[in-house]
Amino acid sequence: DQQVKQNSPSLSVQEGRISILNCDYTNSMFDYFLWYKKYPAEGPTFLISISSIKDKNEDGRFTVFLNKSAKHLSLHIVPSQPGDSAVYFCAANSGYALNFGKGTSLLVTP
Amino acid sequence: GAGVSQSPRYKVAKRGQDVALRCDPISGHVSLFWYQQALGQGPEFLTYFQNEAQLDKSGLPSDRFFAERPEGSVSTLKIQRTQQEDSAVYLCASSSPGQEWAGELFFGEGSRLTVL
């Protein structure tokens, strides 16, 4: 039973443009939502998080938006750079265990 | 090193063999987690340690899976009588006190297990 869903397996964006990665969830009890980035043959690395009591969190080129009524969050990357090409995992927790989505593979082309 | 270290990076086992995967967390990190990532999937929680205490093992798929962290630092995930469905990347992660609640984990590079 997937509680965190990323329905787009892949996304291709031109360098300099905005990348928008989407994530839906089913459990309204989640406390935090996070995005992790993963390069091939490496472990996931933490990117940005948002508390369930907020609707936006920004860190440099990365902004996460949370819409609790729609049980939806998104990650915006502006401007996108070729080095952002990676798999992005959405995750959520209501304690210590993270629930991950299946990931979205982002390709940023020059 | 400064990060989470896992070994071996790659392991090929014949069905029925036992395997042991090691994780060396970041020094001083109290919390340690094991996740399993099957091909094309996101990581799935297996088990959680706080120091040497295994506080949650609800994600372990069967009693063939066993994890320990006897001295509160290095952890070992053992899989007995491996099956083909055990093929996956096994990720270890650690976190420092006060941060685990936000979900920020530091992951190792993973151990890729292939069972033939």
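Above this text you will find the structure in question.
Residues numbered from 1 in each chain as written. Chains lettered and ligands numbered in written order. Predicted model: local features only at pLDDT ≥ 70, side-chain atom pairs only at ≥ 80, totals over all residues. Heavy atoms only, no water.

**Q** I keep staring at the pattern of salt bridges and nothing clicks. Help me out?
**A** Oppositely charged side chains can pair when the atoms bearing their charge come close. Residues and elements named next belong to chain B. This structure, assessed with the given rule, holds five salt bridges over all chains. A salt bridge links Arg22 to Asp24; its shortest N-O distance comes to 3.8 Å. With a closest N to O distance of 3.4 Å, Lys78 and Glu68 form a salt bridge. On the criterion of sequence distance, the pair formed by Lys78 in strand E8 (residues 75-79) and Glu68 in strand E7 (residues 65-68) is long-range, its members being 10 residues apart. (Salt bridge = Lys/Arg side-chain N within 4 Å of Asp/Glu carboxyl O. Helix = DSSP H or I, 4+ residues; strand = E, 2+ residues; numbered from the N terminus.)

**Q** Mind showing me how you'd approach a nonpolar patch on the surface here?
**A** Taken together, the side chains of Ile18, Ile20 and Val78 of chain A define a hydrophobic patch exposed on the protein surface, amounting to about 220 Å² of accessible area. Here Val78 of chain A shows up in the loop between strand E8 (72-77) and strand E9 (86-93). (Patch = residues over 30% accessible without salt bridge, like charges linked within 9 Å, V, L, I, M, F, W, Y side chains within 5 Å. Areas by Shrake-Rupley, 256 points an atom, 1.4 Å probe, with all protein chains shown as cover.)

**Q** What should I look at first to understand unusual backbone geometry in this one?
**A** Across the chain, the bulk of peptide bonds are trans and the bulk of non-glycine residues have phi less than zero. A cis amide bond, omega -10°, links Val78 of chain A with the succeeding residue Pro79 of chain A. Looking at where Pro79 of chain A falls in the secondary structure, it is placed in the loop between E8 and E9. Ser7 of chain B connects to Pro8 of chain B through a cis peptide bond whose omega is -10°. Within the element layout of this structure, Pro8 of chain B appears in the loop between strand E1 (5-7) and strand E2 (10-13).

**Q** Got a minute to help me understand the sheet that holds strand E6 (residues 56-59) of chain A in this structure?
**A** Note on sheets: strands pair through backbone hydrogen bonds, and any given pair is parallel or antiparallel. Residues and elements named next belong to chain A. Spatially, the five strands line up as an open sheet ordered E1-E3-E8-E7-E6, and their pairing is antiparallel. Strands with a single pairing partner mark the edges of an open sheet, and in this sheet they are strand E1 (4-5) and E6. Examined bridge by bridge, E6 and strand E7 (residues 62-67) share four bridges and lie antiparallel to one another. The residue of E7 that forms the bridge with Asp59 is Phe62. (Pairing = 2+ DSSP bridges.)

**Q** Please explain the interface of chain A and chain B as it appears in this structure.
**A** For an interface, size is often stated in terms of accessible area lost upon the parts coming together. Each partner contributes to the interface: chain A provides 18 residues, whereas chain B provides 22 residues. The largest per-residue losses of area from chain A upon contact with chain B belong to Pro44, Tyr96 and Phe100 of chain A, which jointly make up 35% of the total buried on that side. Summed over the shared surface of chain A and chain B, the result is zero salt bridges. In this assembly, chain A and chain B are joined by five residue pairs in polar contact (both at pLDDT 80 or more). Listing elements by their share of the side of chain A that touches chain B, those giving two or more residues are strand E4 (32-38), E9 and strand E10 (98-100) of chain A. (Contact = heavy atoms within 4.5 Å. Buried area = accessible area lost by both parts, 1.4 Å probe. Polar contact = N/O pair within 3.5 Å; in protein donor to acceptor, adjacent residues only side chain to side chain.)

**Q** How do you make sense of the nonpolar core when you look at a structure like this?
**A** Residue and element names in this part refer to chain A. Within the largest apolar cluster, 23 residues are counted, with the highest numbers of intra-cluster contacts made by Phe33, Trp35, Leu73, Leu75 and Tyr88. For this core, the secondary-structure elements that each account for two or more residues are strand E3 (19-25), E4, strand E5 (45-51), E7, E8, E9 and strand E11 (104-109). Looking at this core, the element that brings in the most residues is E9, giving four residues. Setting aside its immediate chain neighbours within four residues, Tyr88 contacts Gln6, Leu21, Trp35, Tyr36, Lys37, Leu47, Leu75, Ile77, Gly103, Thr104 and Leu106. (Core = buried A, V, L, I, M, F, W, Y, C linked by side-chain atoms within 4.5 Å. Buried < 20%, exposed > 50% of the residue type's maximum accessible area, 1.4 Å probe, protein only.)

**Q** Sorry, what's going on with the state of the cysteines here?
**A** Covalent bonding between the sulfur atoms of two cysteines defines a disulfide. Residues and elements named next belong to chain A. Under the defined criterion, the tally for this structure stands at two disulfides over all chains. Two residues, Cys23 and Cys90, share a disulfide whose sulfurs are 2.0 Å apart. Measuring the twist about the S-S bond at about -75°, one finds the Cys23-Cys90 disulfide to be left-handed. With a gap of 67 residues between them, Cys23 in strand E3 and Cys90 in strand E9 connect regions that are remote in the sequence. Taking the relative accessible area as the measure of exposure, Cys23 reaches 0% and is therefore buried. According to the relative accessible area criterion, Cys90 is buried, its value standing at 1%. (Disulfide = S-S within 2.5 Å.)

Geometry only, nothing functional implied.
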